[in-house]
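Coordinate analysis (summary)
Residue strings, one per chain:
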Amino acid sequence: MDVCPNQAARTLLSVERRPLAGGQTTNHALLATSTGYHVASATGHLRNLPGAQNPQDALRRSNLLHAAHLNDETTFTSHTSQALTPEQILDAIRPTGPRRTTTALATEEDDHEFLFEDVNVLWSTEHHIVVNERHVYAGATKTGTLIVVPAEDYDRPYESWEDLLSLSWDSSDYAGVGMAGYGIEGLFRVRPGLLAHVSATDESLVVHLERVGRHASTPTLIRRGLHALGSDRLLPHLALARYGFNAADLYPDDQLACALEPAQIQSILRSYRIAGRR
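This section reports on the structure supplied with the text. As the structure is a computational prediction, the values presented were derived from the model and not from experiment.

**Some words on the nonpolar core**
- Core analysis: the biggest nonpolar cluster contains 28 residues, and Leu13, Leu30, Phe76, Ile89, Ile93 and Ile129 have the highest contact counts within it.
- Setting aside anything within four residues of it in sequence, one finds Ile89 in contact with Leu13, Leu59, Phe76, Ser78, Leu84 and Val131.

In structure tokens, the structure reads:
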């Protein structure tokens, strides 16, 4: 059902798509009127979104609005943060199209193929998505589903995510010749409802994105993540942290970051079980 184009309307969101291979740029907008929510084209034609309960629900219901094809440059602009926040837009965007790998990290040999072999462990696929003038990224979850996530630094995306538990290391001071390197492994909350398992070195980057409960507590997420990461490396450092020591007290230049108090760490250490060990 269409509505009259001259009906009083308020623009909540605009979406512009420019094909990267060349072609016509298309524009659509999400409008709010006295009769509900509508999608408007550049020509002024309006089509309603029956049943939409709020702006984010309206955005999710419209393929014309929430789709971001990986071969386009798609720009989402919120015209009122009270109606649609950047986080709500991120939650609603659905990336589509071929999942081609992106070679973001550089090595001396400039050979990245061995870093990105499986879409399920990719940090990101090729994309051009902008939300409120901020470049965001289409990463793959464990199931291969593409979702949009924020990151300030493409090569080190975890630096702008909430650090729940991480161990950073630099073996320069204790490794043999030719074995020195640095890296980080840990758990990061990308945004509510989305957890990242990160394993990064000076030569590689792997990020597993996992959907979790939006209101899951930090201790719950850390318990869950310890099993996913493999605890043998992290548990000794957590035990040290329980007594006020850092990873650097075990190895030079190693640092443990944990979003838990000592009593919470002790609770996790008590409840954690490793097969064949006490």
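**Let's talk about the side chain of Asp72**
- Within the fold, Asp72 resides in strand β6 (residues 72-78).
- Excluding its chain neighbours within four sequence positions, the residues that come into contact with Asp72 are Arg17, Arg18, Pro19, Leu20 and His128.

**A few points about helix α5 (residues 235-242)**
- Among the residues making up α5, those that are buried are Leu235, His237, Leu238 and Ala241. Taken end-on, α5 shows its buried residues confined to a sector of 160°, consistent with a single buried face.
- Of the residues one or two after α5, Gly244 is the one with positive phi, at around 90°.

**Some details on the packing of aromatic side chains**
- Scanning the entire structure with this criterion turns up five aromatic pairs.
- Aromatic side chains Trp123 and Trp161 sit 5.7 Å apart centroid to centroid with 65° between the ring planes, which places their arrangement in the edge-to-face category. With a gap of 38 residues between them, Trp123 in the loop between β7 (94-96) and β8 (129-131) and Trp161 in the loop between β10 (146-149) and β11 (162-170) connect regions that are remote in the sequence.
- Of the residues examined, Trp161 reaches a relative accessible area of 6% and is grouped as buried.
- Ring geometry for Tyr137 versus Tyr154: centroids 4.9 Å apart, planes at 65°, classification edge-to-face. Of this pair, Tyr137 sits in strand β9 (residues 134-140) while Tyr154 sits in the loop between β10 and β11, and the two are 17 residues apart along the sequence.
- Residue Tyr137 is classed as buried on the basis of its relative accessible area, which comes to 9%.
- Grouping aromatic residues by their ring pairs yields a cluster made of Trp123, Tyr137, Tyr154 and Trp161.

**Things to note about the sheet that holds strand β14 (residues 205-211)**
- Read across the sheet, five strands follow the order β14-β13-β12-β11-β15 without closing on themselves; strand pairing throughout is antiparallel. Each edge of the sheet is formed by a strand with only one pairing partner; in this case those strands are β14 and β15 (255-258). Pairwise comparison of adjacent strand axes, ignoring direction, gives a mean angle of 10° for this sheet.
- Bridge count for β11 against β15 is four bridges, and the pairing is antiparallel. Across the sheet, residue Ser166 finds its bridge partner in β15, namely Ala257.
- Packing against the sheet, α5 makes contact with β11 and β15, and its axis sits at approximately 75° to β15.

**Some points on the environment of Thr201**
- With respect to the helices and strands, the residue Thr201 is situated in strand β13 (residues 194-201).
- Along the sequence, Thr201 and Trp169 sit 32 residues apart, while their C-alpha atoms lie 9.1 Å from each other.
- If we ignore the near neighbours within four places in the chain, the residues touching Thr201 are Trp169, Tyr182 and Gly183.

Calculation criteria
- Residues numbered from 1 in each chain as written.
- Predicted model: local features only at pLDDT ≥ 70, side-chain atom pairs only at ≥ 80, totals over all residues.
- Heavy atoms only, no water.
- Core = buried A, V, L, I, M, F, W, Y, C linked by side-chain atoms within 4.5 Å.
- Buried < 20%, exposed > 50% of the residue type's maximum accessible area, 1.4 Å probe, protein only.
- Contact = heavy atoms within 4.5 Å.
- Helix = DSSP H or I, 4+ residues; strand = E, 2+ residues; numbered from the N terminus.
- Arc of directions from axis to C-beta.
- Phe/Tyr/Trp six-rings, centres within 6.5 Å; stacked < 30°, edge-to-face > 60°.
- Pairing = 2+ DSSP bridges.
- Axes fitted to C-alpha atoms, helices over the stretch in contact; angles between N-to-C directions.

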